[in-house]
Every structure is written in C-alpha cells, then in structure tokens.
Amino acid sequence: MKILVTAKRVEDPESKIKVKPDGSGIVQEGLKYKINPFDEIAVEEGLRLVAKHGGEVVVVSIGGKEVQEQLRHALAMGAHRAVWVNHTGPLDQLGIAGLLQKVAEKEKPDMVVLGKQSIDDDQNQVGQYLAEFLGWSQATFASKVESLESEQEKNKAPALVVGADNKTVRVVREVDNGLATLECSLPAVVTTDLRLNLPRYASLPGIMKAKSKPIEELTPEKLAVDVTPKIQVLKMSSPPPRKAGIKVPDVAALVDKLRNEAKVV
Amino acid sequence: MPIVLIVAEQQPDGNLRKATLNAVSAGRTLAEKAGAEVHVVLLSKEPSKVSEELKGLGVKAVHTAGAPELEHYLAEVYTPVIAGLAQELKADYVGMASTAMGKDLMPRVAARLKAAMATDVMAFNGSGAEVTFSRPMWAGNVFAEVKLTTPVKAFTVRATEFPAAQGGQAAAEVKSFTPKLEPSKTKFVDFKEVKSARPELTEARVVVSGGRGTKGDFKEIEALADELGAAVGASRAVCDAGWVPNDLQVGQTGKVVAPQLYIAAGISGAIQHLAGMKSSKTIVAINKDPEAPIFQVADYGLVADLFKVLPELRQALHKLKE
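Quantities reported herein were computed from a predicted structural model and do not represent experimental measurements.

Asker: Would you take a moment to explain the domain arrangement of chain B for this structure?
Answerer: Residue and element names in this part refer to chain B. When its domains are assigned, chain B resolves into domain 1 (3-176) and domain 2 (201-321). A C-alpha centroid distance of 31 Å is found between domain 1 and domain 2. Taken residue by residue, the interface counts seven residues in domain 1 and 10 residues in domain 2. Looking at the side of domain 1 that touches domain 2 residue by residue, the class counts come to three nonpolar, two polar and two charged.

Asker: Looking at this structure, I do not really get the environment of Thr-150 of chain B. What am I missing?
Answerer: On the secondary structure map, Thr-150 of chain B appears in the loop between β8 (142-148) and β9 (153-157). Given 15 C-beta atoms within 10 Å, Thr-150 of chain B falls into the partly exposed group. Through-space distance from the C-alpha of Thr-150 of chain B to that of Tyr-262 of chain B is 39 Å; in sequence the pair is 112 residues apart. If near-sequence neighbours (up to four positions away) are discounted, Thr-150 of chain B is found in contact with Lys-230 of chain A together with Lys-114, Ala-115 and Ala-116 of chain B.

Asker: For this particular structure, what's the right way to read the pairing of strand β5 (residues 116-121) of chain B?
Answerer: Sheet faces and side chains relate simply in a regular strand, where the side chains alternate between the two faces. Residue and element names in this part refer to chain B. Counting buried positions along β5 yields six of six residues, so the element is predominantly enclosed. When β5 meets β9, the two strands line up parallel, connected through four bridges. Across the sheet, residue Val-121 finds its bridge partner in β9, namely Val-157.

Asker: Can you walk me through the nonpolar core in this structure?
Answerer: The nonpolar side chains of a soluble globular protein tend to be buried, and buried together. Membership of the largest hydrophobic core comes to 200 residues, with the highest contact counts inside it found for Val-5, Val-59 and Ala-74 of chain A. Split by domain, this core shows at least three residues from each of two domains, domain 1 (3-176) and domain 2 (201-321) of chain B. Setting aside residues no more than four positions away along its own chain, Ala-74 of chain A makes contact with Val-5, Ala-7, Ile-35, Val-43, Val-59, Ala-79 and Ala-82 of chain A.

Asker: What exactly am I supposed to notice about the environment of Glu-222 of chain B here?
Answerer: Residues and elements named next belong to chain B. Tracing the chain through its elements places Glu-222 in helix α5 (residues 219-228). Given 17 C-beta atoms within 10 Å, Glu-222 falls into the partly exposed group. Considered as a pair, Glu-222 and Ser-209 are 13 residues apart in the sequence and their alpha carbons are 8.9 Å apart.

Asker: Explanation requested: unusual backbone geometry in the structure shown.
Answerer: Residues and elements named next belong to chain A. Leu-186 connects to Pro-187 through a cis peptide bond whose omega is 0°. Mapped onto the elements of the fold, Pro-187 is located in the loop between β10 (178-185) and β11 (188-192). With phi around 55°, Lys-156 is a residue other than glycine that occupies positive phi space. If you trace the backbone, Lys-156 turns up in the loop between α5 (151-154) and β8 (161-162).

Asker: Explanation requested: the packing of helix α3 (residues 75-89) of chain B against helix α4 (residues 100-112) of chain B in the structure shown.
Answerer: When two helices pack together, their arrangement is given by the angle between the helix axes and by the axis-to-axis distance. Residues and elements named next belong to chain B. Axis separation between α3 and α4 bottoms out at 9 Å; the angle between their running directions is 50°. The angle between the axes of α3 and α4 places the two elements in the oblique class. Crossing of α3 over α4 shows right-handed handedness. Residues Ala-75, Tyr-78, Thr-79, Ile-82 and Ala-83 of α3 form the contact with α4, whose own contacting residues are Asp-104, Leu-105, Arg-108, Val-109 and Arg-112. Of the residues contributing to the contact of α3 with α4, the split by class is six nonpolar, one polar and three charged.

Asker: What is the right way to read the sheet that holds strand β6 (residues 123-125) of chain B from this model?
Answerer: A sheet is described by the order of its strands in space; here four strands give the open sequence β13(A)-β8(B)-β7(B)-β6(B), paired in antiparallel fashion. The sheet is open, and its two borders are formed by β13 (231-237) of chain A together with β6 of chain B, each paired with just one other strand. Between one strand and the next, the sheet's axes are offset by a mean angle of 35°, whatever the strand orientation.

Asker: I tried to follow helix α8 (residues 306-321) of chain B on my own but got confused; where do I start?
Answerer: Structurally, the α-helix is built with 3.6 residues per turn, so residues lying three or four positions apart point the same way. Residue and element names in this part refer to chain B. The end-to-end C-alpha separation of α8 is 22 Å, in line with the 22 Å expected for 16 residues at 1.5 Å each. Those residues of α8 lying buried are Leu-306, Val-309, Leu-310, Leu-313 and Ala-316. Each buried residue of α8 sits inside an arc of 130° when the element is viewed along its axis, so together they form one side. Residues of α8 that are exposed and point more than 90 degrees away from the buried face comprise Gln-315, His-318 and Lys-319.

Asker: Just to check I follow, could you spell out the confidence of the model for chain B for this structure?
Answerer: The predicted coordinates should not be examined in detail at positions where pLDDT is low. Taken as a whole, chain B shows an average pLDDT of 94; of its residues, 100% reach a score of 70 or greater. The ipTM value of the predicted complex is 0.95, and its pTM value is 0.93.

Asker: Just to check I follow, could you spell out the interface of chain A and chain B for this structure?
Answerer: Many structure descriptions define interface size as the accessible area lost when the parts assemble. Across the boundary between the two partners, chain A contributes 67 residues, which contact 68 residues of chain B. Every element with two or more residues in the side of chain A that touches chain B is listed here: α4 (126-134), β7 (137-143), β9 (168-175), β10, β13, β14 (246-247) and α7 (251-261) of chain A. Here the side of chain A that touches chain B gets eight residues from one element, more than from any other, and that element is β10 of chain A. Residues of the side of chain A that touches chain B, tallied by class, amount to 32 nonpolar, 17 polar and 18 charged. Alignment of β10 of chain A against strand β11 (residues 186-193) of chain B, held across seven bridges, turns out to be antiparallel. Its bridge partner lying in β11 of chain B, Glu-183 of chain A is registered against Lys-187 of chain B.

Asker: Just checking my understanding: could you explain the pairing of strand β12 (residues 206-210) of chain B for this structure?
Answerer: Residue and element names in this part refer to chain B. Of all five residues in β12, five are buried; the element is thus mostly enclosed. In β12, alternate side chains face the same way, and those of Val-206, Val-208 and Gly-210 on one face and Val-207 and Ser-209 on the other are all buried. Relative to strand β14 (residues 261-265), β12 runs parallel, the two sharing five bridges. Paired with Ser-209 across the two strands is Ala-264, which belongs to β14. Note that β12 and strand β13 (residues 231-234) share four bridges and pair parallel. Its bridge partner lying in β13, Gly-210 is registered against Ala-234. Handedness of the crossover is the feature at issue here: the chain leaves β12, passes through α5, returns alongside β13, and the resulting connection is right-handed.

Analysis parameters
- Residues numbered from 1 in each chain as written.
- Chains lettered and ligands numbered in written order.
- Predicted model: local features only at pLDDT ≥ 70, side-chain atom pairs only at ≥ 80, totals over all residues.
- Domains from an automatic or database assignment.
- Contact = placed C-beta atoms within 7 Å.
- Nonpolar A, V, L, I, M, F, W, Y, C, P; charged D, E, K, R; others polar.
- Helix = DSSP H or I, 4+ residues; strand = E, 2+ residues; numbered from the N terminus.
- Buried ≥ 20, exposed ≤ 12 C-beta atoms within 10 Å, placed from the backbone.
- Pairing = 2+ DSSP bridges.
- Core = buried A, V, L, I, M, F, W, Y, C linked by C-beta atoms within 7 Å.
- Axes fitted to C-alpha atoms, helices over the stretch in contact; angles between N-to-C directions.
- Parallel < 35°, antiparallel > 145°, perpendicular 65-115°, else oblique.
- Left-handed = near helix turned anticlockwise from the far one by under 90°.
- Expected span 1.5 Å × (residues − 1).
- Arc of directions from axis to C-beta.
- pLDDT = per-residue confidence, 0-100.
- Right-handed = clockwise from strand over helix to strand, strands pointing away.

The following block contains the structure:
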C-alpha cells in the first residue's frame, strides 16, 4: 500500500499566541514550530498501515525551506520519502487542496491520510476539498473504538481496517453523540481525529536515517496550480479578555454568588 | 435578490438538530447585512414533519428532498444534492451549523461549488457584497476578520454565537425537489449512539465538566449535572484515558461550548481546554491546586476537593428549588 500523509508546519500548540498591534498577523518572535499534531497522528497511522500491509509512506509539506524540518521529523518517525512543495507567501485551503490534489495524482496513493484540521487556521476543510477535487471517497474525523490505553494501541495496530482484497477501508468516525462506521472504496481520503493513535517518538537511529532519505522539491508552477488566495484575512485581533474572577471560601458563598450576582441558578 | 441557503440537520431520531435553529438565525443575520433572503434545505429518507417546523422560522422558502439513499447522511451523497440545489437557486451563500455533519459536509459542498469557506463563523460584518466573516484561529486565541472572494461563499457557524430562531412566524413556502443523486464510493456501515438523557454539550445552558482530578469517577459530576439539567463535559486527558466517551471532550480539539454556566471540576485548565470553554458566560472552577491555570479564567474559584464539595453544591442547589 502507498499512503500519502501530510506534515504542516504550525506553531507549537503550547506556545502563547499574540496578535501584532496593527492586527496584520501574529507575533512570530520566540515561537517554536512543530508538525501539526493531527498530521503527526496521520503519519503514525500511515506507518502502522504499512507495517501491517507493506508498502511505503510518502510525506508532503507545503511552505518555505523551513518546512523541511517537519518533513525530516516525519522521515525520522519512519516515513520513506518526502515531497516538498516550495511556496512562500499566502496560501488558503483551496490552494492547499489544489496542490495536494496534484501531488496525489502524481503519486497515486491508496490513501491520503491527513489531520482533520491544523491548529493555526482551525479551518477543518482541506481533506474534504481534496476528496471532492479527486472524486474520492471521504472519511473525516477517524477515531477508534478502543481507548488510547488499550492493548490494541499498545500493539501499534492500525485503527483503519483495510479489506482483505485491499480495495476498501473501514473507518470509525467520531461524530456528535457517538461513533459512525463507514466503508470507503480505495483510493480514499481519511482525516484524523485525536484518538486514532498515540504518535511514536522519533528514535535516534530514525533521526540518523532520516538525513539520507530523499526530499523531492516541487512548486505550484511545476504542479500547474494557481494558488492566489480566495480567503483574505483582513485583520486579526485578540479576543476580549475575561474580567478577573474571585475565589470563594466555601459552597455557601459560591451558591450565593451564582444566585445573586451571576443569576444563573 | 441574493440568496443565503442554510442546510438543516435531522437527528437520528428524526427531530431537528437544535443547532439548525442557530444556523437559521445566523443566516437571517447574514441576509440582513447582505440584502438577501434565507432559504433552508432539508434532506431525508421521506418527507418529514421537520419541514413544518422549519417553515415558521421567518425564512423565504424551505426546500425538501426525500429518497431512500438520503436516510444515512454521507458527504458524498449529500454533496451533489445540496450543491445542485444551490446552483439551481443561484445561491450566493451556503452555510450550516458547525456540527460534526456541518464540518464534514460543507467543505465538500464548497469544493463542488468552487467556493471559498469560513469555518466556525461567530459574526458577520459589513454590508452588501462586502460582508466579512469573523472567525476564531489558533484555538480562539485570535479572532480574524475574513473576506471570501469567490462568487459563491460557504460557511459554518458556531451555534453558541447566534440565538435560536423562533418559530411561529409567517409560513414559508415548502417546495419539494428531485435530488440529484450520484453513485457513492462510500457505504454507511453503522452508527453507535452514545445514548444520554442529558442535553447535547454544544446546546446546553449549563455544562458540568470533570478532569483528571475525578480519577475517572464521574458519579458526582453526573449527579450535579442532573440536578442542574446540565450536559456533562470532560477534559482531553479524561477522554484519552477512555474514562468517558470521546464526544464529551471540551476543548480546541473537541467541542467548543459557551453555556450560561460552566462548572469545571478537577480540571487544571490547559490552553487547549480553555479554548473550548472560555466564552462561557459564567465560569466556576473547583480544584485542589490553588495555582491551577483554570482559576485565571474562572469568575468564581473554589480551592477544594471536588469529592467533598460537589455533593455539598448539589444539595445546596437542590434546596434552592424547594
């Protein structure tokens, strides 16, 4: 099986995000960058699928040369090779999905597995756009029935269940009020939710090996995709701060405040 | 006149998802600013009583399509039907609530319509063709004002930011149409519902959430929730451990809630959890650790053992009713 996975470069989710005073963007100084946590889960799932069924994991990222860090991270986790779409400047979800479509058409994977959203834009769109552009089956928010402390997880078994004929995949989806199971014909686009797996750490030998793994460079021009953004962020602002609260000494005081001040009970 | 098309959502039990009412009211707000009219579309297995409920919500028209293929929602089946109707109506805007279905469906519909999309819209600003969308980024740490430049514009709305549309207004015309069905490469296998008598998290007036401090024992959380008619929520750690179902997770990566009252018990308050609840009107934090970050966003903080004070709180609230 060939699995195409993504590795978007995003701000470390633990970092404090501040808006620039003129609202033109966020303050970059002092920020650390990581692979989008949902994409890391996608890389892990790709590795598990290939460990079970054979094949290769190809990881793709879009951005300036700094995204090679995220590609190397995925390669160190065990991905076989990388595709880097070299692009600096603004890019929206339509542009990203357009580029991934061309990469998928070139690579012809059995599955594209990617994060359900990236933790910077929080748009939750690219997988669905990609599936429609490709005309492929779609399963978003892939999860599993077993918990992250289960035997299944400890054994690093893939949560996505490929059919005996390698023509379908069963996906358990996290939806409102429960879990929905779909059967997708391959090739398919799957987006990952939080509890699909616990991604592995890159081992030292993995990091060493990653250095010699190939990274192919492409550009929007080479892929013939017009990436002019159709989504324009006009201005950013900080959410209104919450007014400082108080500590109450006991339950009686709390109930009094809820009743007479907040008037919510 | 420009058209705003809102996609209605039916629950597995056949009732209207409450978030649809919020989406309709968001659609009306957008329509006022854009000088447009609101249409609603409902897809189902067979003609449904829900269309009766929709037509009284102050909209121009309700479009319904029924077919056996539409029984179980699938993005690939619903996309050509919704996009086909949008094209026929020449709709300028297509949107729905940011539910699991909305998040799954709307980007695919947008792709079919070559539309750019804004997710989790909290407000519409500007007027006419220049309407812009306010939406959260970086887990709600940034609000962005966004302009979509494609002819058709798609969006999902954060239901808690818009009041529920009220029924009983002048009845709109209900029009049934023949759905444009395409063969699907995806099959519905099953849906395992987590049954609960409590309100849905994103729709509840009160939410009681538990974290690591519960050590997986949610009895007191649930008992307090039931006293208040509240929904039960949880932190990510609790869901990851498998102590409670995943769909109870409140946070950036789970559900975003904004109830009148949010009670966090035994939750330290990681950034990603705060992102999911800090728009709540009143926040109460109960934690043994006085330094827990949750106290920084709480209106009322109580430094205490939750196993001791939750029963006390429940009894005190019960007494108020007597």
